[in-house]
Amino acid sequence: MKQFYQILFASFITFGGYAQCTSIGSSLETSYVSNNSNKGEMFNLVATNTITVLCFDVNLILGSNGAYEIYYKVGSYVGSESNAAAWTLIGSNASVPSLGFDVASPINIPINIVIPAGQTYAFYITNNSTASTAGIRYTNNAGYTNIATNADLTIAGGIGKAYPFGTNYANRSFNGTVRYGVGNVLPIELTEFFATPVNNQVRVSWKTETELNNDFFTVERSSDGENWEILTTVKAAGNSKIPLHYATTDEEPLQGVSYYRLTQTDFDGQQTTFDMRSLYREF
């Protein structure tokens, strides 16, 4: 008898047309006056207005070229500093160069997280190799504090972190730039994405709350999370302000672990890839 076990995997979103963080949207920048460093940094973003966080520039250790990961969680990092299960991996970049000492280096991991007005979201940016010299520079401070603020958001708090989710180094101010858009600037608002076993098949389903200039969806499958094959395309609504449900079926799913992801394509060809899911299929 075949058995299925569904596993929620880290979600991520990428805009195909965006190459550099520094060319996008509005921004809020901290001071780049570091006096310490470690593998990673946790900090909070407090939204005054609804914003879409697009990407980060960060103060990186000079001369390093490293692999980085970015995580987020709803609410403050305080109390969840070492609880990996509380965090969601947004994405990674295997080769991020430092552009100099106490200067902005684009991480180039698209974030695309919407923070509603009045809400606090935490972010964790880290080099993911204990053997590498790469890491993040920050500034020692006297306690939890507001690092930078404008009319839309505040960058607050900050601790250094050993990788992965290791030792805390309290009172470390983030040195970086938050690139963002005001409001929800994503082409669709995706509220659900599932890969669900049904008998010997897998049903892939998703739900949108709103759509803007949305031409079609592409459903892809992978055995390793890196190399993808197209399962099918599904025509989208174009423009919609009401909840819409979509679904398709993988009639010949892979054995063992498989991954599913969804890509949205605008009428102008711009693409957004988001919400990867994994599924384990045991015979």
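The shown structure was predicted, so the numbers you read here are calculated from the model rather than taken from an experiment. (Residues numbered from 1 in each chain as written. Predicted model: local features only at pLDDT ≥ 70, side-chain atom pairs only at ≥ 80, totals over all residues. Heavy atoms only, no water.)

(A) Broad picture of the overall build of the chain. Along the chain, the regular secondary structure elements total zero helices and 23 strands. Taken against the 2.2 N^0.38 rule, which gives 19 Å for 283 residues, the C-alpha radius of gyration of the chain at 20 Å falls within 12% of a compact globule. Over its C-alpha atoms, taken along the principal directions, the chain stretches across nearly 55 × 40 × 30 Å. A sequence separation of at least 24 residues applies to 77% of the contacts in the chain between residues at least 6 apart. Put simply, the chain shows about 12400 Å² of open surface, and 48% of that area lies on carbon and sulfur atoms. In the chain, 15 side chains carry a positive charge and 23 a negative one; their mean positions are 4 Å apart. (Helix = DSSP H or I, 4+ residues; strand = E, 2+ residues; numbered from the N terminus. Rg over C-alpha atoms; globule rule 2.2 N^0.38 Å. Contact = heavy atoms within 4.5 Å. Areas by Shrake-Rupley, 256 points an atom, 1.4 Å probe, with all protein chains shown as cover. Lys, Arg positive; Asp, Glu negative; His and termini not counted. Charge placed at Lys NZ, Arg CZ, Asp CG, Glu CD.)

(B) Local environment of the packing of aromatic side chains. Across all of its chains, the model carries 16 aromatic pairs by this definition. For the pair phenylalanine 43 and phenylalanine 56, a centre-to-centre distance of 5.6 Å together with 85° between the ring planes defines the contact as edge-to-face. Note that phenylalanine 43 is positioned in strand 5 (residues 40-47) and phenylalanine 56 in strand 6 (residues 51-58), a separation of 13 residues in sequence. Members of the aromatic cluster, connected to one another through ring pairs, are Phe43, Phe56, Tyr72, Tyr121, Phe123 and Phe174. (Phe/Tyr/Trp six-rings, centres within 6.5 Å; stacked < 30°, edge-to-face > 60°.)

(C) View of the nonpolar core. With 30 residues, the main nonpolar core has Leu45, Val53, Phe56, Ile107, Phe123 and Ile125 as its most contacted residues. Contributions of two or more residues to this core are made by strand 5, strand 6, strand 7 (65-74), strand 8 (88-97), strand 10 (113-115), strand 11 (120-127), strand 14 (153-161) and strand 17 (176-182). Looking at this core element by element, the count peaks at four residues for strand 6. The next biggest cluster of nonpolar side chains, apart from the first, holds 15 residues, and it includes Val204, Trp206, Val219 and Tyr246. (Core = buried A, V, L, I, M, F, W, Y, C linked by side-chain atoms within 4.5 Å. Buried < 20%, exposed > 50% of the residue type's maximum accessible area, 1.4 Å probe, protein only.)

(D) Seen up close, the pattern of salt bridges. Under the definition given, this model contains six salt bridges. Residue glutamate 220 is joined to arginine 261 by a salt bridge in which the shortest nitrogen-to-oxygen separation is 2.8 Å. Here glutamate 220, found in strand 19 (residues 201-222), pairs with arginine 261, found in strand 22 (residues 256-266); they are 41 residues apart in sequence, far enough to count as distant. Comparing glutamate 220 with arginine 261 shows no difference in burial state: the two are buried. (Salt bridge = Lys/Arg side-chain N within 4 Å of Asp/Glu carboxyl O.)

(E) Structural context of the sheet that holds strand 16 (residues 172-174). Taking strand neighbours across the sheet as the criterion, the three strands line up as 4-12-16 in an open arrangement whose pairing is antiparallel. Two strands lie at the open edges of the sheet, namely strand 4 (36-38) and strand 16, each paired on one side alone. The mean inter-strand angle of the sheet, taken between neighbouring strand axes irrespective of direction, is 50°. Pairing analysis gives three bridges linking strand 12 (residues 136-140) to strand 16, with the strands arranged antiparallel. (Pairing = 2+ DSSP bridges. Axes fitted to C-alpha atoms, helices over the stretch in contact; angles between N-to-C directions.)

(F) Fine view of unusual backbone geometry. In this structure, the amide linkage connecting tyrosine 163 to the following residue, proline 164, adopts the cis form with an omega of -10°. One can find proline 164 in the loop between strand 14 and strand 15 (168-169). The phi torsion at aspartate 102 lies on the positive side, around 60°, for a residue other than glycine. For aspartate 102, the position within the fold is in the loop between strand 8 and strand 9 (105-106). Of note, the phi angle at asparagine 213 is positive, near 55°, even though the residue is not glycine. Secondary-structure assignment places asparagine 213 in strand 19. Relative accessible area serves as the criterion here: at 38%, asparagine 213 is assigned to the partly exposed category.

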